[in-house]
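Structural overview for review
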Amino acid sequence: MKLLFDVGNTHTTIALTDNGKKFNIKRISTYSLQTEDELYVYLKMLFSENYDQIIVSSVVPNINHIFEFFSKKYIGKDAVFLNAKLYKNIKWDVRVPSDIGADRVANVIAAEKDYGNNAIIVDFGTAITIDVLKNGIYEGGVIIPGFGMMINALFKGTAKLPKVELKPSDVFIGKDTESNIRIGVINTVLEGIIKVVEKIKSETEITSVIFTGGQSKIIMDYKKDVIYDLELGLRGIYYFYESAIS
C-alpha cells in the first residue's frame, strides 16, 4: 500500500492505494501539520491499513520536512517528492520546469496517461490553474486567484461585504449583496476561464478539456461539456511513483 499526499495551500488530501485506481481518501487542514509525530498520530486515526512508501505532491515547501522526517522515522525510507524534472515521459517546454507546481505536474501526468497527448486541464483549488498538454509536450498555462481567495479579499478589504457560499448564480444581475458577490466572483471568473479555454482550443486545436480540483464540484451544473475528474491529481502522483521506481 502506498500513501499519497497532495499538499495544497489550504487542505491536504491523503490517499491510500495499492493500484493507483481506487483510493481511500481523507482530508485535513494543511497547517494542522506541525511535526512528524503529529502526522503519525493523524494517520493512525485515519487509516487502519499499513503502508510501505509515501509519495508527496506539495506546493507548500516550508512543511516538506515533516514528510521527510516522518518517512525516515516511521517507514525507514526516504519520501518520494514529485517534481517535473524527474518525470521524463513528458517534455516540459517552459523556462524552468522545476518551478511548475507539483499539483500541476501530477495533473498533466495523469491527463497524458489516461486521456492522451492533448488536453487542457483546469484545476479549481485555492488558486485556479490552466495547463496545456499538446502532442505530449507541456506547453505552459495560466494561474488565476481562486474563488475563495477573491471572496476573502472582498470580505477583508471592505467594511460591510459578507462572506458568501461558493456557488454560481443562476442570473447575471444581482438583487441582493450575496448574489452580487457570486456573480462578480464565481460567474465572472468562470466565464473568463471558459473564454481563455476557448482561445487555447482555437490556438492549439485541442478538444479535450478536464476540470479537476475540490471546487470544481460547485460548477458541475454550470459547465457540462467538459470532463470532470476529481481524482486526476492523485492518479498523477501514483503514476509519477511508478515511473520513478521503473
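For the structure itself, consult the block above.
We now turn to the structure provided with this report. Worth saying up front: this structure is predicted, and the values here are computed from it rather than measured.

Moving on, we get to the overall build of the chain. Scanning the chain from terminus to terminus reveals six helices and 11 strands. The C-alpha radius of gyration computed for the chain amounts to 19 Å, which stays within 12% of the reference 18 Å derived for 246 residues, consistent with globular compactness. Here the C-alpha coordinates of the chain stretch approximately 60 × 45 × 30 Å along the principal axes. The proportion of buried residues among the 246 residues of the chain is 46%. A separation threshold of at least 6 residues defines the contact pool for the chain, and within that pool the share at least 24 residues apart is 55%. When the accessible surface of the chain is totalled, it reaches about 12500 Å², and 50% of it is carbon and sulfur. In the chain, 29 positive and 30 negative side-chain charges are present, and the distance between their average locations comes to 2 Å.

Further remarks concern empty space enclosed by the protein. Throughout the structure, instances matching the rule amount to one cavity of 30 Å³ or more. Within this model, the largest cavity holds a volume of roughly 60 Å³. Lining the largest cavity we find Ile194, Val197, Glu198, Lys201, Val209, Phe211, Lys223, Asp225 and Val226. Elements with a minimum of two residues in the lining of the largest cavity: α5 (177-204) and β10 (209-212). Per-element accounting of the lining of the largest cavity gives the leading share, four residues, to α5. Taken together, the residues of the lining of the largest cavity break down into five nonpolar, no polar and four charged.

Within this structure, the stated rule accounts for nine aromatic pairs. With centroids separated by 5.0 Å and ring planes inclined at 65°, the aromatic side chains of phenylalanine 124 and phenylalanine 211 adopt a geometry described as edge-to-face. On the criterion of sequence distance, the pair formed by phenylalanine 124 in strand β7 (residues 119-124) and phenylalanine 211 in strand β10 is long-range, its members being 87 residues apart. Exposure class is identical for phenylalanine 124 and phenylalanine 211. Each is buried. On the basis of an interplanar angle of 55° and a centroid distance of 6.5 Å, the ring pair of tyrosine 238 and tyrosine 241 is categorised as tilted. Pair noted here: tyrosine 238 and tyrosine 241 are both in helix α6 (residues 232-245), with a separation of three residues, about one helical turn. Relative accessible area serves as the criterion here: at 9%, tyrosine 241 is assigned to the buried category. Of the aromatic side chains, those joined through ring pairs into one cluster are Phe124, Phe147, Phe211 and Tyr228.

Conventions adopted
- Residues numbered from 1 in each chain as written.
- Predicted model: local features only at pLDDT ≥ 70, side-chain atom pairs only at ≥ 80, totals over all residues.
- Heavy atoms only, no water.
- Helix = DSSP H or I, 4+ residues; strand = E, 2+ residues; numbered from the N terminus.
- Rg over C-alpha atoms; globule rule 2.2 N^0.38 Å.
- Buried < 20%, exposed > 50% of the residue type's maximum accessible area, 1.4 Å probe, protein only.
- Contact = heavy atoms within 4.5 Å.
- Areas by Shrake-Rupley, 256 points an atom, 1.4 Å probe, with all protein chains shown as cover.
- Lys, Arg positive; Asp, Glu negative; His and termini not counted.
- Charge placed at Lys NZ, Arg CZ, Asp CG, Glu CD.
- 1 Å grid on protein atoms, 1.4 Å probe; cavity = no way out; pocket = protein on both sides within 12 Å on 5 of 7 lines; lining within 4 Å.
- Points joined across faces, edges and corners; volume = space filled by probe spheres on them.
- Nonpolar A, V, L, I, M, F, W, Y, C, P; charged D, E, K, R; others polar.
- Phe/Tyr/Trp six-rings, centres within 6.5 Å; stacked < 30°, edge-to-face > 60°.

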